[in-house]
Amino acid sequence: CAMDWQVLTRELSLYLEHQVRVGLFGSGVGLSLVLGFGVAYACYYLSSIAKKPQLVASNDRFCRFLEEYCPVVTETYYPTIWCWEGRVQTLLRPFITSRPQVQYRNELIKTADGGQISLDWFDNNDSLYYPDASTRPTVLLLPGLTGTSKESYILHMIHQSETLGYRCVVFNNRGIAGEDLLTPRTYCAANTEDLEAVIHHVNSLHPSAPFMAAGVSMGGMLLLNYLGKTGRDTPLMAAAIFSAGWNVFESVESLEKPLNWLLFNYYLTTCLQSSISRHRQMLEKLFDMDLVMKARTVREFDKQFTSVMFGYRTIDDYYEDASPCRKLKSVGIPVLCLNSVDDVFSPGHAIPVETAKQNANVALVLTSCGGHIGFLEGIWPRKCTYMDRVFKQFVQAIFEHGNKIFSM
(Lines give C-alpha, C1' and ligand atoms only; values in the text may rest on other atoms or scores of the structure.)
Protein backbone atom coordinates (compact mmCIF):
# COMPACT_ATOMS: atom_id res chain seq x y z
CA CYS A 1 0.00 0.00 0.00
CA ALA A 2 2.89 2.31 0.85
CA MET A 3 4.44 1.66 -2.56
CA ASP A 4 1.12 2.31 -4.32
CA TRP A 5 0.76 5.59 -2.42
CA GLN A 6 4.25 6.72 -3.47
CA VAL A 7 3.56 5.87 -7.12
CA LEU A 8 0.24 7.70 -7.00
CA THR A 9 1.84 10.75 -5.37
CA ARG A 10 4.63 10.82 -7.96
CA GLU A 11 2.19 10.54 -10.86
CA LEU A 12 -0.01 13.27 -9.40
CA SER A 13 3.04 15.53 -8.98
CA LEU A 14 4.10 14.97 -12.59
CA TYR A 15 0.59 15.70 -13.77
CA LEU A 16 0.42 18.98 -11.84
CA GLU A 17 3.86 20.04 -13.12
CA HIS A 18 2.67 19.34 -16.66
CA GLN A 19 -0.45 21.46 -16.10
CA VAL A 20 1.60 24.38 -14.75
CA ARG A 21 3.96 24.20 -17.74
CA VAL A 22 1.13 23.96 -20.24
CA GLY A 23 -0.89 26.67 -18.53
CA LEU A 24 -4.42 27.79 -19.19
CA PHE A 25 -4.10 27.98 -22.96
CA GLY A 26 -2.80 24.43 -23.15
CA SER A 27 -6.06 23.18 -21.76
CA GLY A 28 -8.85 22.65 -24.23
CA VAL A 29 -11.38 23.73 -21.60
CA GLY A 30 -9.38 26.83 -20.69
CA LEU A 31 -8.89 27.82 -24.30
CA SER A 32 -12.58 27.36 -25.00
CA LEU A 33 -13.45 29.58 -22.05
CA VAL A 34 -11.09 32.32 -23.19
CA LEU A 35 -12.33 32.17 -26.78
CA GLY A 36 -15.93 32.13 -25.62
CA PHE A 37 -15.40 35.15 -23.41
CA GLY A 38 -13.59 36.95 -26.24
CA VAL A 39 -16.41 36.31 -28.71
CA ALA A 40 -19.05 37.36 -26.17
CA TYR A 41 -17.17 40.57 -25.35
CA ALA A 42 -16.66 41.36 -29.04
CA CYS A 43 -20.37 40.87 -29.71
CA TYR A 44 -21.27 43.12 -26.77
CA TYR A 45 -18.77 45.77 -27.84
CA LEU A 46 -19.98 45.83 -31.47
CA SER A 47 -23.68 45.81 -30.54
CA SER A 48 -23.72 48.13 -27.52
CA ILE A 49 -20.52 50.19 -27.43
CA ALA A 50 -19.39 50.98 -30.98
CA LYS A 51 -22.09 53.19 -32.45
CA LYS A 52 -22.57 56.03 -34.89
CA PRO A 53 -22.95 59.35 -33.09
CA GLN A 54 -26.30 61.10 -33.03
CA LEU A 55 -26.21 64.16 -35.28
CA VAL A 56 -28.73 66.79 -34.18
CA ALA A 57 -29.23 69.69 -36.59
CA SER A 58 -32.39 71.33 -37.91
CA ASN A 59 -30.69 72.83 -40.96
CA ASP A 60 -30.51 70.35 -43.85
CA ARG A 61 -27.78 72.41 -45.54
CA PHE A 62 -25.64 72.28 -42.41
CA CYS A 63 -26.19 68.52 -42.19
CA ARG A 64 -25.18 67.95 -45.81
CA PHE A 65 -22.16 70.19 -45.31
CA LEU A 66 -21.01 68.10 -42.34
CA GLU A 67 -21.68 64.81 -44.12
CA GLU A 68 -19.56 65.92 -47.09
CA TYR A 69 -16.71 67.84 -45.46
CA CYS A 70 -16.70 66.52 -41.89
CA PRO A 71 -17.72 62.88 -42.41
CA VAL A 72 -16.24 61.73 -39.11
CA VAL A 73 -19.44 62.92 -37.38
CA THR A 74 -21.45 60.32 -39.29
CA GLU A 75 -19.02 57.40 -38.93
CA THR A 76 -19.13 54.72 -36.25
CA TYR A 77 -17.04 55.68 -33.23
CA TYR A 78 -15.03 52.73 -31.92
CA PRO A 79 -13.92 53.58 -28.36
CA THR A 80 -10.76 51.92 -27.11
CA ILE A 81 -11.93 48.39 -26.47
CA TRP A 82 -10.35 48.08 -23.04
CA CYS A 83 -11.40 51.49 -21.64
CA TRP A 84 -14.64 52.68 -23.17
CA GLU A 85 -16.44 53.65 -19.93
CA GLY A 86 -16.80 57.42 -19.49
CA ARG A 87 -15.04 57.85 -16.15
CA VAL A 88 -12.17 55.62 -17.22
CA GLN A 89 -11.71 57.54 -20.46
CA THR A 90 -11.74 60.82 -18.56
CA LEU A 91 -9.13 59.65 -16.07
CA LEU A 92 -6.79 57.97 -18.54
CA ARG A 93 -6.59 60.48 -21.39
CA PRO A 94 -4.06 62.84 -19.73
CA PHE A 95 -1.74 59.91 -19.05
CA ILE A 96 -2.15 57.98 -22.31
CA THR A 97 -2.16 60.62 -25.02
CA SER A 98 1.10 62.04 -26.28
CA ARG A 99 2.18 65.65 -25.83
CA PRO A 100 3.33 67.05 -29.19
CA GLN A 101 6.15 69.57 -28.99
CA VAL A 102 4.93 73.12 -29.61
CA GLN A 103 7.01 76.29 -29.52
CA TYR A 104 4.90 79.23 -28.39
CA ARG A 105 5.37 82.97 -28.62
CA ASN A 106 3.89 84.56 -25.52
CA GLU A 107 2.08 87.88 -25.51
CA LEU A 108 0.63 89.74 -22.54
CA ILE A 109 -2.22 92.12 -23.33
CA LYS A 110 -3.72 94.70 -21.02
CA THR A 111 -7.40 94.83 -20.12
CA ALA A 112 -9.67 97.79 -19.48
CA ASP A 113 -9.71 97.18 -15.72
CA GLY A 114 -5.90 97.19 -15.46
CA GLY A 115 -5.41 93.44 -15.60
CA GLN A 116 -3.49 91.33 -18.09
CA ILE A 117 -4.16 88.26 -20.21
CA SER A 118 -1.57 85.77 -21.42
CA LEU A 119 -1.81 84.60 -25.04
CA ASP A 120 0.34 81.81 -26.42
CA TRP A 121 0.81 82.03 -30.18
CA PHE A 122 1.72 79.26 -32.58
CA ASP A 123 2.40 81.35 -35.67
CA ASN A 124 3.16 78.45 -38.04
CA ASN A 125 5.49 80.64 -40.09
CA ASP A 126 6.63 77.56 -42.03
CA SER A 127 3.13 77.02 -43.40
CA LEU A 128 3.33 75.74 -46.98
CA TYR A 129 -0.36 76.27 -47.71
CA TYR A 130 -0.55 79.82 -46.32
CA PRO A 131 2.87 81.47 -46.54
CA ASP A 132 1.31 84.94 -46.29
CA ALA A 133 0.83 85.58 -42.56
CA SER A 134 -1.78 88.27 -43.19
CA THR A 135 -4.24 85.79 -44.69
CA ARG A 136 -3.24 82.66 -42.77
CA PRO A 137 -6.35 81.17 -41.09
CA THR A 138 -6.35 81.60 -37.31
CA VAL A 139 -7.86 79.33 -34.66
CA LEU A 140 -8.42 80.70 -31.17
CA LEU A 141 -8.25 77.90 -28.57
CA LEU A 142 -9.91 78.06 -25.15
CA PRO A 143 -8.77 75.44 -22.58
CA GLY A 144 -10.83 74.05 -19.72
CA LEU A 145 -11.43 75.28 -16.17
CA THR A 146 -7.84 75.20 -14.89
CA GLY A 147 -6.22 74.36 -18.24
CA THR A 148 -3.54 76.26 -20.13
CA SER A 149 -1.74 76.04 -23.47
CA LYS A 150 0.22 73.07 -22.06
CA GLU A 151 -2.76 70.70 -21.93
CA SER A 152 -2.40 67.64 -24.15
CA TYR A 153 -5.73 68.25 -25.91
CA ILE A 154 -4.63 71.81 -26.79
CA LEU A 155 -1.27 70.56 -28.06
CA HIS A 156 -3.05 68.02 -30.26
CA MET A 157 -5.34 70.69 -31.70
CA ILE A 158 -2.30 72.79 -32.56
CA HIS A 159 -0.59 69.78 -34.14
CA GLN A 160 -3.66 69.14 -36.29
CA SER A 161 -3.78 72.83 -37.26
CA GLU A 162 -0.08 72.85 -38.11
CA THR A 163 -0.52 70.09 -40.69
CA LEU A 164 -3.24 72.16 -42.35
CA GLY A 165 -1.13 75.31 -42.40
CA TYR A 166 -3.16 77.29 -39.86
CA ARG A 167 -2.11 79.62 -37.07
CA CYS A 168 -3.27 79.10 -33.47
CA VAL A 169 -3.49 81.32 -30.41
CA VAL A 170 -4.33 80.00 -26.95
CA PHE A 171 -6.34 82.16 -24.58
CA ASN A 172 -5.07 81.49 -21.05
CA ASN A 173 -7.47 82.68 -18.36
CA ARG A 174 -6.14 85.26 -15.95
CA GLY A 175 -3.59 84.14 -13.41
CA ILE A 176 -3.15 80.48 -14.36
CA ALA A 177 -0.37 80.50 -16.97
CA GLY A 178 2.40 81.90 -14.79
CA GLU A 179 1.59 85.58 -15.17
CA ASP A 180 0.84 87.80 -12.17
CA LEU A 181 -2.60 89.07 -11.26
CA LEU A 182 -2.50 92.86 -11.50
CA THR A 183 -6.03 93.20 -10.09
CA PRO A 184 -8.02 90.99 -7.67
CA ARG A 185 -9.94 89.30 -10.47
CA THR A 186 -9.66 85.89 -12.15
CA TYR A 187 -12.29 84.41 -14.48
CA CYS A 188 -15.55 82.50 -14.75
CA ALA A 189 -17.73 80.80 -17.36
CA ALA A 190 -20.32 83.57 -17.42
CA ASN A 191 -18.16 86.69 -17.79
CA THR A 192 -17.12 87.14 -21.42
CA GLU A 193 -15.29 90.48 -21.16
CA ASP A 194 -11.79 89.00 -21.38
CA LEU A 195 -12.76 86.77 -24.29
CA GLU A 196 -14.26 89.73 -26.11
CA ALA A 197 -11.00 91.66 -25.61
CA VAL A 198 -8.93 88.74 -26.91
CA ILE A 199 -11.10 88.22 -30.01
CA HIS A 200 -10.94 91.94 -30.81
CA HIS A 201 -7.16 91.95 -30.30
CA VAL A 202 -6.47 88.91 -32.49
CA ASN A 203 -8.78 90.15 -35.23
CA SER A 204 -7.16 93.60 -35.20
CA LEU A 205 -3.74 92.02 -35.74
CA HIS A 206 -4.88 89.89 -38.69
CA PRO A 207 -8.07 91.48 -40.06
CA SER A 208 -7.74 89.73 -43.44
CA ALA A 209 -7.25 86.25 -41.99
CA PRO A 210 -10.17 83.81 -41.68
CA PHE A 211 -10.87 83.44 -37.97
CA MET A 212 -12.66 80.81 -35.87
CA ALA A 213 -12.51 79.47 -32.31
CA ALA A 214 -12.62 76.16 -30.45
CA GLY A 215 -13.42 75.75 -26.76
CA VAL A 216 -13.01 72.75 -24.48
CA SER A 217 -15.05 72.11 -21.31
CA MET A 218 -15.33 75.48 -19.49
CA GLY A 219 -13.61 77.09 -22.47
CA GLY A 220 -16.49 75.81 -24.59
CA MET A 221 -19.03 77.14 -22.10
CA LEU A 222 -17.38 80.56 -22.15
CA LEU A 223 -17.31 80.56 -25.95
CA LEU A 224 -20.99 79.59 -26.16
CA ASN A 225 -21.95 82.30 -23.69
CA TYR A 226 -20.03 84.82 -25.78
CA LEU A 227 -21.73 83.67 -28.98
CA GLY A 228 -25.13 83.78 -27.32
CA LYS A 229 -24.43 87.35 -26.29
CA THR A 230 -23.04 88.60 -29.62
CA GLY A 231 -25.19 86.68 -32.13
CA ARG A 232 -23.88 87.46 -35.59
CA ASP A 233 -21.90 90.47 -34.38
CA THR A 234 -18.55 88.68 -34.11
CA PRO A 235 -15.47 88.39 -36.34
CA LEU A 236 -15.53 84.62 -35.83
CA MET A 237 -16.64 82.58 -38.85
CA ALA A 238 -17.62 79.52 -36.79
CA ALA A 239 -16.86 77.67 -33.58
CA ALA A 240 -16.23 74.14 -32.34
CA ILE A 241 -17.24 73.16 -28.81
CA PHE A 242 -16.02 70.04 -26.99
CA SER A 243 -17.39 68.53 -23.75
CA ALA A 244 -19.14 71.73 -22.64
CA GLY A 245 -21.18 71.67 -19.45
CA TRP A 246 -24.57 72.79 -20.74
CA ASN A 247 -26.41 73.13 -17.46
CA VAL A 248 -24.20 73.99 -14.49
CA PHE A 249 -26.82 72.90 -11.94
CA GLU A 250 -26.90 69.41 -13.46
CA SER A 251 -23.10 69.32 -13.79
CA VAL A 252 -22.36 70.07 -10.14
CA GLU A 253 -25.11 67.70 -8.99
CA SER A 254 -23.54 64.91 -11.06
CA LEU A 255 -20.08 65.69 -9.71
CA GLU A 256 -21.35 65.54 -6.14
CA LYS A 257 -22.40 61.91 -6.38
CA PRO A 258 -20.09 59.91 -4.07
CA LEU A 259 -17.96 58.16 -6.70
CA ASN A 260 -17.73 61.22 -8.92
CA TRP A 261 -16.79 63.39 -5.94
CA LEU A 262 -14.03 60.96 -5.05
CA LEU A 263 -12.69 60.69 -8.62
CA PHE A 264 -13.16 64.24 -9.90
CA ASN A 265 -14.83 66.84 -7.68
CA TYR A 266 -12.35 66.97 -4.82
CA TYR A 267 -9.35 66.96 -7.17
CA LEU A 268 -10.85 69.71 -9.35
CA THR A 269 -11.54 71.79 -6.24
CA THR A 270 -7.92 71.49 -5.12
CA CYS A 271 -6.81 72.52 -8.62
CA LEU A 272 -8.96 75.64 -8.39
CA GLN A 273 -7.54 76.44 -4.98
CA SER A 274 -4.01 75.88 -6.22
CA SER A 275 -4.61 78.21 -9.19
CA ILE A 276 -5.40 81.11 -6.85
CA SER A 277 -3.14 80.31 -3.91
CA ARG A 278 -0.06 81.96 -5.41
CA HIS A 279 -2.12 85.15 -5.88
CA ARG A 280 -3.26 85.10 -2.25
CA GLN A 281 -1.71 88.45 -1.36
CA MET A 282 -3.68 90.17 -4.13
CA LEU A 283 -6.94 88.29 -3.59
CA GLU A 284 -7.15 88.49 0.19
CA LYS A 285 -7.86 92.20 -0.20
CA LEU A 286 -11.40 91.19 -1.13
CA PHE A 287 -11.86 87.59 0.04
CA ASP A 288 -11.59 85.49 3.16
CA MET A 289 -8.99 83.21 1.62
CA ASP A 290 -8.91 80.88 4.62
CA LEU A 291 -12.60 80.15 4.02
CA VAL A 292 -12.06 79.71 0.26
CA MET A 293 -9.24 77.24 0.87
CA LYS A 294 -11.52 75.11 3.08
CA ALA A 295 -13.88 74.33 0.17
CA ARG A 296 -14.20 70.63 -0.56
CA THR A 297 -16.44 70.81 -3.63
CA VAL A 298 -16.62 72.97 -6.73
CA ARG A 299 -19.98 74.28 -5.52
CA GLU A 300 -18.45 75.42 -2.20
CA PHE A 301 -15.57 77.10 -4.07
CA ASP A 302 -17.95 78.91 -6.40
CA LYS A 303 -20.14 79.99 -3.48
CA GLN A 304 -17.26 81.46 -1.49
CA PHE A 305 -15.16 82.79 -4.38
CA THR A 306 -16.37 82.83 -7.99
CA SER A 307 -19.92 84.07 -7.51
CA VAL A 308 -18.74 86.73 -5.04
CA MET A 309 -15.96 87.94 -7.31
CA PHE A 310 -18.33 88.61 -10.19
CA GLY A 311 -21.06 90.22 -8.11
CA TYR A 312 -23.78 87.58 -8.13
CA ARG A 313 -26.33 87.75 -5.33
CA THR A 314 -26.39 83.97 -4.94
CA ILE A 315 -24.57 81.01 -6.37
CA ASP A 316 -27.78 80.00 -8.16
CA ASP A 317 -27.76 83.33 -9.98
CA TYR A 318 -24.21 82.64 -11.11
CA TYR A 319 -24.96 79.08 -12.23
CA GLU A 320 -28.00 80.23 -14.18
CA ASP A 321 -25.96 82.89 -15.99
CA ALA A 322 -23.08 80.48 -16.65
CA SER A 323 -25.25 77.76 -18.24
CA PRO A 324 -24.89 77.93 -22.07
CA CYS A 325 -28.18 76.08 -22.63
CA ARG A 326 -29.96 79.33 -21.83
CA LYS A 327 -28.21 81.23 -24.61
CA LEU A 328 -28.10 78.63 -27.38
CA LYS A 329 -31.07 80.11 -29.25
CA SER A 330 -29.13 83.36 -29.83
CA VAL A 331 -26.00 81.83 -31.44
CA GLY A 332 -25.63 83.46 -34.86
CA ILE A 333 -22.73 81.60 -36.52
CA PRO A 334 -22.22 77.89 -37.38
CA VAL A 335 -21.32 75.94 -34.26
CA LEU A 336 -20.48 72.24 -33.96
CA CYS A 337 -20.76 70.79 -30.43
CA LEU A 338 -19.34 67.37 -29.49
CA ASN A 339 -20.51 65.71 -26.26
CA SER A 340 -20.54 62.19 -24.91
CA VAL A 341 -23.74 61.17 -23.15
CA ASP A 342 -21.70 59.33 -20.48
CA ASP A 343 -19.81 62.49 -19.45
CA VAL A 344 -20.23 62.96 -15.70
CA PHE A 345 -19.25 66.63 -16.08
CA SER A 346 -22.11 67.19 -18.52
CA PRO A 347 -24.81 64.52 -18.08
CA GLY A 348 -26.53 63.35 -21.21
CA HIS A 349 -30.02 64.28 -19.98
CA ALA A 350 -28.88 67.92 -19.60
CA ILE A 351 -27.76 68.33 -23.22
CA PRO A 352 -30.22 70.80 -24.84
CA VAL A 353 -31.24 68.68 -27.82
CA GLU A 354 -34.63 70.33 -28.34
CA THR A 355 -33.19 73.83 -28.03
CA ALA A 356 -30.49 73.01 -30.57
CA LYS A 357 -33.16 71.95 -33.04
CA GLN A 358 -34.57 75.48 -32.88
CA ASN A 359 -31.37 77.15 -34.12
CA ALA A 360 -30.25 76.51 -37.70
CA ASN A 361 -26.69 77.50 -36.80
CA VAL A 362 -26.19 74.70 -34.27
CA ALA A 363 -25.24 71.06 -34.76
CA LEU A 364 -24.79 68.61 -31.90
CA VAL A 365 -22.72 65.44 -32.23
CA LEU A 366 -23.51 63.02 -29.40
CA THR A 367 -21.52 59.85 -28.84
CA SER A 368 -22.59 57.05 -26.53
CA CYS A 369 -19.10 56.79 -24.99
CA GLY A 370 -16.14 59.09 -24.60
CA GLY A 371 -16.38 60.66 -21.16
CA HIS A 372 -15.15 64.20 -20.56
CA ILE A 373 -12.51 65.25 -23.10
CA GLY A 374 -11.80 61.54 -23.57
CA PHE A 375 -12.98 60.11 -26.89
CA LEU A 376 -10.13 57.58 -26.93
CA GLU A 377 -10.05 55.17 -29.87
CA GLY A 378 -7.73 52.47 -31.16
CA ILE A 379 -5.95 49.73 -29.22
CA TRP A 380 -3.38 52.15 -27.81
CA PRO A 381 -4.89 55.65 -28.16
CA ARG A 382 -1.74 57.71 -27.84
CA LYS A 383 -1.57 59.94 -30.90
CA CYS A 384 -5.08 60.82 -32.03
CA THR A 385 -8.59 60.73 -30.56
CA TYR A 386 -12.05 60.98 -32.07
CA MET A 387 -12.24 64.52 -30.73
CA ASP A 388 -9.01 65.43 -32.55
CA ARG A 389 -10.40 64.10 -35.81
CA VAL A 390 -13.65 66.04 -35.40
CA PHE A 391 -11.66 69.20 -34.70
CA LYS A 392 -9.39 68.77 -37.72
CA GLN A 393 -12.15 67.99 -40.21
CA PHE A 394 -14.49 70.73 -39.00
CA VAL A 395 -11.82 73.44 -38.92
CA GLN A 396 -10.66 72.49 -42.40
CA ALA A 397 -14.26 72.37 -43.63
CA ILE A 398 -14.93 75.89 -42.36
CA PHE A 399 -11.76 77.46 -43.70
CA GLU A 400 -11.81 75.69 -47.07
CA HIS A 401 -15.55 75.32 -47.78
CA GLY A 402 -17.34 77.50 -45.26
CA ASN A 403 -18.92 79.73 -47.88
CA LYS A 404 -21.37 76.89 -48.57
CA ILE A 405 -23.05 77.29 -45.19
CA PHE A 406 -22.58 80.97 -44.41
CA SER A 407 -25.59 81.82 -46.56
CA MET A 408 -27.89 79.84 -44.24
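The rules behind each value
- Residues numbered from 1 in each chain as written.
- Predicted model: local features only at pLDDT ≥ 70, side-chain atom pairs only at ≥ 80, totals over all residues.
- Heavy atoms only, no water.
- UniProt positions renumbered as here; feature names shortened; annotations may be inferred.
- Helix = DSSP H or I, 4+ residues; strand = E, 2+ residues; numbered from the N terminus.
- Buried < 20%, exposed > 50% of the residue type's maximum accessible area, 1.4 Å probe, protein only.
- Contact = heavy atoms within 4.5 Å.
- Areas by Shrake-Rupley, 256 points an atom, 1.4 Å probe, with all protein chains shown as cover.
- Axes fitted to C-alpha atoms, helices over the stretch in contact; angles between N-to-C directions.
- Parallel < 35°, antiparallel > 145°, perpendicular 65-115°, else oblique.
- Left-handed = near helix turned anticlockwise from the far one by under 90°.
- Nonpolar A, V, L, I, M, F, W, Y, C, P; charged D, E, K, R; others polar.
- Salt bridge = Lys/Arg side-chain N within 4 Å of Asp/Glu carboxyl O.
- Core = buried A, V, L, I, M, F, W, Y, C linked by side-chain atoms within 4.5 Å.
- Domains from an automatic or database assignment.
- 1 Å grid on protein atoms, 1.4 Å probe; cavity = no way out; pocket = protein on both sides within 12 Å on 5 of 7 lines; lining within 4 Å.
- Points joined across faces, edges and corners; volume = space filled by probe spheres on them.
- Phe/Tyr/Trp six-rings, centres within 6.5 Å; stacked < 30°, edge-to-face > 60°.

An unreviewed UniProt entry lists the protein chain under the name Phospholipase ABHD3, with Urocolius indicus given as the organism. The Subcellular location (unreviewed entry) field of the UniProt record for the protein chain holds the comment "Membrane". What the UniProt record of the protein chain gives under Sequence similarities (unreviewed entry) is the line "Belongs to the AB hydrolase superfamily. AB hydrolase 4 family."

Novice: Got a sec to walk through the overall build of the protein chain? Specific residues and values, please.
Specialist: Looking only at helices and strands, one finds 15 helices and 9 strands in the protein chain. If you line up the protein chain on its principal axes, its C-alpha atoms span 100 × 55 × 45 Å. Burial analysis of the protein chain (408 residues in total) assigns 54% to the buried set. Pairs at least 24 apart in sequence give 77% of the contacts found in the protein chain among residues at least 6 apart. Within the structure as shown, the protein chain displays about 18,600 Å² of accessible surface, and the carbon and sulfur contribution to it stands at 56%.

Novice: Describe the packing of helix H3 (residues 60–69) against helix H15 (residues 386–401), naming the residues involved and giving the relevant values.
Specialist: The N-to-C vectors of H3 and H15 enclose an angle of 110°; their axes lie 10 Å apart at closest approach. Between H3 and H15, the interaxial angle falls into the category roughly perpendicular. Crossing of H3 over H15 shows right-handed handedness. Counting all contacts with H3, which are made through Phe 62, Phe 65, Leu 66 and Tyr 69, the residues of H15 involved are Gln 393, Phe 394, Ala 397, Ile 398 and His 401. Tallied by class, residues from the contact of H3 with H15 come to 7 nonpolar, 2 polar and no charged.

Novice: Which residues make up the UniProt feature "domain: AB hydrolase-1" (unreviewed entry) in the protein chain, and what are the values?
Specialist: Following the UniProt record, one finds the feature "domain: AB hydrolase-1" (unreviewed entry) at residues 137–378. The span residues 137–378 shows a helical share of 41% and a strand share of 14%, and its end C-alpha atoms are spaced 30 Å apart.

Novice: How would you explain the pattern of salt bridges if you had to name every residue and give the values?
Specialist: Enumeration according to the criterion identifies 18 salt bridges in this entry. Between Glu 196 and Lys 229 there is a salt bridge, with its nearest N and O atoms 2.8 Å apart. With Glu 196 in helix H6 (residues 193–205) and Lys 229 in helix H7 (residues 218–230), this pair connects stretches of sequence that are 33 residues apart. Judged by its relative accessible area of 27%, Glu 196 falls in the partly exposed class. Take Lys 229: its relative accessible area is 55%, and that puts it in the exposed class. Among the salt bridges present, the one from Lys 357 reaches Glu 354, with a minimum N-O distance of 3.4 Å. According to the relative accessible area criterion, Glu 354 is exposed, its value standing at 52%. Here the salt bridges do not stand alone but share partners, grouping Asp 113, Arg 174, Arg 185, Glu 193 and Asp 194 into one network.

Novice: Account for the nonpolar core, naming residues and giving values.
Specialist: Leu 140, Leu 223 and Leu 364 are the most contacted members of the largest nonpolar core, which totals 69 residues. Looking at which domains feed residues into this core, each of domain 1 (51–247 + 324–402) and domain 2 (248–322) gives three or more. Once residues within four sequence positions are removed from consideration, Leu 223 is found in contact with Leu 142, Leu 195, Ala 213, Ala 214, Gly 215, Leu 236, Ala 239, Ala 240 and Ile 241. Membership of the second largest hydrophobic core comes to 50 residues, among which are Ala 57, Leu 164, Ala 363 and Val 390.

Novice: Outline empty space enclosed by the protein, supporting the account with residue identities and numerical values.
Specialist: Applying the stated criterion to the full structure yields 1 cavity of 30 Å³ or more. Here the largest cavity is characterised by a volume of approximately 50 Å³. Tallied by class, the residues present in the lining of the largest cavity amount to 6 nonpolar, 3 polar and 2 charged.

Novice: Any details on the packing of aromatic side chains? Residues and values, ideally.
Specialist: In total, this model carries 14 aromatic pairs according to the counting rule given. Centroid distance Phe 249 to Tyr 319: 5.9 Å. Interplanar angle 90°. Geometry classified as edge-to-face. One end of the pair, Phe 249, is in helix H8 (residues 248–255); the other, Tyr 319, is in helix H13 (residues 315–322), with 70 residues separating them in the sequence. Given a relative accessible area of 0%, Tyr 319 falls into the buried group. Arranged with centres 5.5 Å apart and planes meeting at 45°, the rings of Trp 261 and Tyr 266 form a pair that is tilted. Through successive ring pairs, a cluster of aromatic residues spans Phe 249, Tyr 312, Tyr 318 and Tyr 319.

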